Amino acid sequence: MPWELDETKLEALAIGAGILGTGGGGNPYYGKLHVRRLLREGRRVRIVSPDEVPDEALVVSVGGMGAPTIGIERIHRGDEPLVALRALEQHLGRPATHLVPGEIGGANALRPMAVGALAGLPVVDGDGMGRAFPELQMDTFAIYGVPATPAALADIYQNVVVFPRLRDAVTLERYARAVTVQMGGAAGFAFPAMSGRELRRVVISYTVTLAVQLGEAILAARRQHTDPIEAALDVTGGRVLFRGKIVDVERRLTAGFARGTVRLEGLAEDRGSQLLIDFQNENLIARRDGEVVAVVPDLICLVDLDTAEPVTTEVVRYGLRVAVLGIPAPAMLRTPEALAVVGPAAFGYADVNYRPLPGTYGGDRIAAHRARL
Amino acid sequence: MVRLGIDVGGTNTDAVLLDGADVLAWAKHPTTADVSSGIVGAVRRVLDQVRIAPGEIGAVMLGTTHFTNAVVQCRNLARIAVLRLGWPATLSIPPLEDWPDDLRDAVAGYLTILPGGHQFDGREISPLDWTALTAAADRIAQEGIHSVAVSAVFSPAVAAHEDAVTRFLHEQLPHLRITRSRDIGRLGLLERENAAALNACLVPLAEETIAAIRSALAALGLEAPLYLSQNDGTLMTAEFAARYPVLTFASGPTNSMRGAAFLSGLHDAIVLDVGGTTTDAGALVHGFPREASFAVSIGGVRTNFRMPDVVSIGLGGGSIVSPDGTRIGPQSVGFRLSEEALVFGGPTLTATDIAVAAGRARLGDPARVARLPRELVQRALATIDQRLSELVDSLKTTAAPVPVVVVGGGSILVPDQLEGASEVIRPPHAAVANAIGAAIAQVSGEIDRIVSLEHQTRERALEAARADACRLAIEAGADPGSVQIVEVEEVPLAYLPSNAVRLRVKAVGDLRED
């Protein structure tokens, strides 16, 4: 059944998307304010499950790319991805019927909702990552063979760049990144386009619902003074890997990515232990006292120990008390072809094997539950 | 130099006279609605204690929560205009979007987004539109608005547009009070603009209040320069404070932590400020309060300027104790402690009564609590100690024990041995640590900018940032010989291949004596 995103669900979605951003993906707050304004102006955001999308539908992924630091300063005009979408439609010669988020983690979980509200198009309950990743080729659309182009980018001036044909998503990533810098460091995008039939094959389902449920569980726990972290684990299928204080953050800039290491010292039952987390925008590998305990594509999320508020790579700093959540990756990211793109080796950790966390990703659990109904 | 430190709290106004490191005198007086008569009361009491002519006092330093309270209570705020320069960017979120409705309704006079602002690399987003700006000035005049906030995209990096628009508005409407966002906040347009707008609402109140304080001090014969303490524990001149009242918002906890550092001689410690209703705790790092890393809300508005990282719990000297001793606070008898508590002949079992019954403090009439059940006292003590040690633990950065400095009127609650503390220190004059913290404050300069490392080395960019921060500190009144860099933060901008880095550098120095 299609459902509508109201203000309450929007609030929850922003919290859930912040956690599923695994440290990266930008802050959903600004997108939330934009969508909330659109809702208050009487526009609507309809969410449809992947099963409800007709085979012949034209589904387009929309969102923003660029630096989160730019996004909090040069706030969006708001219609950049819509302008890109219109250019892509013109190139394709037919209108889009549905939108789909490229990633459910971070700011890009909210952008398709704004475009959906502006364009009057439904948004698919699913995405291409089930979390956030730093590069375009890392979504399941690209991994499972949806051509990356044609693709369109638009800036605040409604300048549009269309890439009719590029070899693959890695090439698009390089070209689009260069154009984004010229567009002031942040741009709206529309790509890839796919049919409803293709969408069902490549999408990670029910992640919008997952993010909303995650946010709702945390908000309810805060209201009822129960443990919001436990509530988050119930929804996501994850576990607490570590509770501790951040005692060191080392950052370095390489090829446009904020890479670095966060060091935590244990609190409570983890007292006496250390946890090291390597990140490249998103958190990639967690090592407890030298032993690897969680590896990308499984989700490694830092949240505030008391409130479960997400702690992103940019605000990570000395002294914060956090819980490190380990959430099993969606099944679609655990296949050999996906691991070749989003596994540890793809991030430069040739020596680390992917040892999946036990359990089932929350979105997959929702899908299984629906299948039984 | 003899300094007079004053702290205007919600309940009490404290004053201290300091000669170098020596506390010559101190006094407390109830805070008054007009602020200045409470100050006069406290200062008179201090001057009465010593043989110092008012003319010998070299500087007056004032900390106040008065402007914070005005925002929280939504009182005495001016109607303002907010001019944002950034069109066609930023249209998705208009100014004051996420403010509480009552506050927005009280202050929003005219909000607009006009062409202007810059890209991260210094290019203009749009040139300034003088026709639109003239129309905006006309509208401001029509609406009878006297206070304006101007915010431009990337103004912390490129000042040109905020400066040009401020000059233009001053030419058109010379009576206007204008707050530039770059003077207050950091990168993060919405939070910086919010801070500038809050400031604009407060400027008329701040001008009045500070003028009243000045004339009250003058009437006492005090002609020394007046400074106000800022959120980060450094000072600004009264003229500056009248233009930037938001910078005083968190000065209360900051002053008590700085005062605790001064009185204890410790630069790295945890400070507990135990009051009647709450205990505020913060961490001192190199003598300054550690800053909060999240956006900080004031009166429900997200802002991003310098604020100390303070954790508060509802436990103080006036906290009400449940009959079985397992729950203490958050309800409190507050300032009615001297009538309500058992030891003062009142009917209510408070945390103070427990401290007296257990022999932690001698206060009031101990006989009145002598017959409290032992078990109740022990259980309540255990509850107090556990909550305090959890509070200390929440602020620690490593598991190692750290010194804990205790200040404030409720400090009798704190045991001499606290789990997680290497020692518990109760410095003399702890009751007026706030006013002492104000009196010892230094001055600072800070820069926050994005630099590209394509055409310059990291070292050169850092060097330039350090030099600019020192220059700003000296301009703010620091003795050039004493200026030091106290903070350097370097954050690479993710997802961009241009090697851009955000640099934040802060310099601090002693107040110049001239």
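Caption draft 1: Expanded view of the pairing of strand 7 (residues 147-152) of chain B. All names here are of chain B. Among the six residues of strand 7, six are classified as buried, and the element is accordingly described as predominantly covered. Pairing analysis gives six bridges linking strand 5 (residues 80-87) to strand 7, with the strands arranged parallel. Residue pairing for strand 7: Leu83 is matched across the bridge by Val150. Pairing of strand 7 with strand 8 (residues 177-180), which is carried by four bridges, proceeds in the parallel orientation. When the sheet's bridge partners are listed, Ser147 is paired in strand 8 with Arg177. Of the crossover connections in this fold, the one passing from strand 7 over helix 5 (residues 160-172) to the parallel strand 8 is right-handed.

Caption draft 2: How the structure looks around the interface of chain A and chain B. Taken together, the 50 residues of chain A in the interface contact 49 residues of chain B. Both faces considered, chain A and chain B share a buried interface measuring about 4600 Å² in area, 58% of it formed by carbon and sulfur atoms. We note a salt bridge from Asp98(B) to Arg36(A), for which the minimum N-O separation is 2.7 Å. The tally of links between chain A and chain B comes to 19 residue pairs in polar contact (both at pLDDT 80 or more). At the level of secondary structure, the elements contributing two or more residues to the side of chain A that touches chain B comprise helix 2 (29-40), helix 3 (68-73), helix 7 (169-182), strand 11 (239-254) and strand 12 (257-266) of chain A. The element that contributes the greatest number of residues to the side of chain A that touches chain B is helix 2 of chain A, accounting for six residues. Residue composition of the side of chain A that touches chain B, by class: 21 nonpolar, 14 polar and 15 charged.

Caption draft 3: Here's a closer look at the environment of Leu38(A). Residues and elements named next belong to chain A. With respect to the helices and strands, the residue Leu38 is situated in helix 2. Among the residues examined, Leu38 registers a relative accessible area of 5% and is labelled buried. Each C-alpha atom of the pair Leu38 and Ala117 lies 6.9 Å from the other, and the pair is 79 residues apart in sequence. Beyond its immediate stretch of four places on either side in the chain, Leu38 contacts Arg43, Ala114, Ala117 and Leu118.

Caption draft 4: Summary view of the layout of surface pockets. Residues and elements named next belong to chain B. A volume near 1600 Å³ is recorded for the second largest pocket. Lining the second largest pocket are 48 residues, and of these Thr11, Gly275, Gly276, Thr277 and Thr278 lie nearest its centre. For the lining of the second largest pocket, the secondary structure elements donating two or more residues are strand 2 (12-19), helix 2 (66-72), helix 8 (251-264), strand 11 (269-274), strand 14 (296-298), helix 9 (337-340) and helix 12 (433-439). Counted by class, the lining of the second largest pocket contains 19 nonpolar, 24 polar and five charged residues.

Caption draft 5: Seen up close, the side chain of Asp139(A). Residue and element names in this part refer to chain A. With respect to the helices, strands and loops of the structure, Asp139 is situated in the loop between strand 6 (126-127) and helix 6 (140-143). Buried within the structure, Asp139 lacks any salt-bridge partner; its nearest side chain of opposite charge belongs to Arg177, at an N-O separation of 10 Å. Within the local environment of Asp139, its side chain forms a polar contact with the backbone nitrogen of Ala142, the two atoms lying 2.8 Å apart. Once residues within four sequence positions are removed from consideration, Asp139 is found in contact with Gly102, Gly128 and Met129.

About the thresholds
- Residues numbered from 1 in each chain as written.
- Chains lettered and ligands numbered in written order.
- Predicted model: local features only at pLDDT ≥ 70, side-chain atom pairs only at ≥ 80, totals over all residues.
- Heavy atoms only, no water.
- Buried < 20%, exposed > 50% of the residue type's maximum accessible area, 1.4 Å probe, protein only.
- Helix = DSSP H or I, 4+ residues; strand = E, 2+ residues; numbered from the N terminus.
- Pairing = 2+ DSSP bridges.
- Right-handed = clockwise from strand over helix to strand, strands pointing away.
- Contact = heavy atoms within 4.5 Å.
- Buried area = accessible area lost by both parts, 1.4 Å probe.
- Salt bridge = Lys/Arg side-chain N within 4 Å of Asp/Glu carboxyl O.
- Polar contact = N/O pair within 3.5 Å; in protein donor to acceptor, adjacent residues only side chain to side chain.
- Nonpolar A, V, L, I, M, F, W, Y, C, P; charged D, E, K, R; others polar.
- 1 Å grid on protein atoms, 1.4 Å probe; cavity = no way out; pocket = protein on both sides within 12 Å on 5 of 7 lines; lining within 4 Å.
- Points joined across faces, edges and corners; volume = space filled by probe spheres on them.
- Lys, Arg positive; Asp, Glu negative; His and termini not counted.

Note that all results are geometric; they support no functional claim without further evidence.
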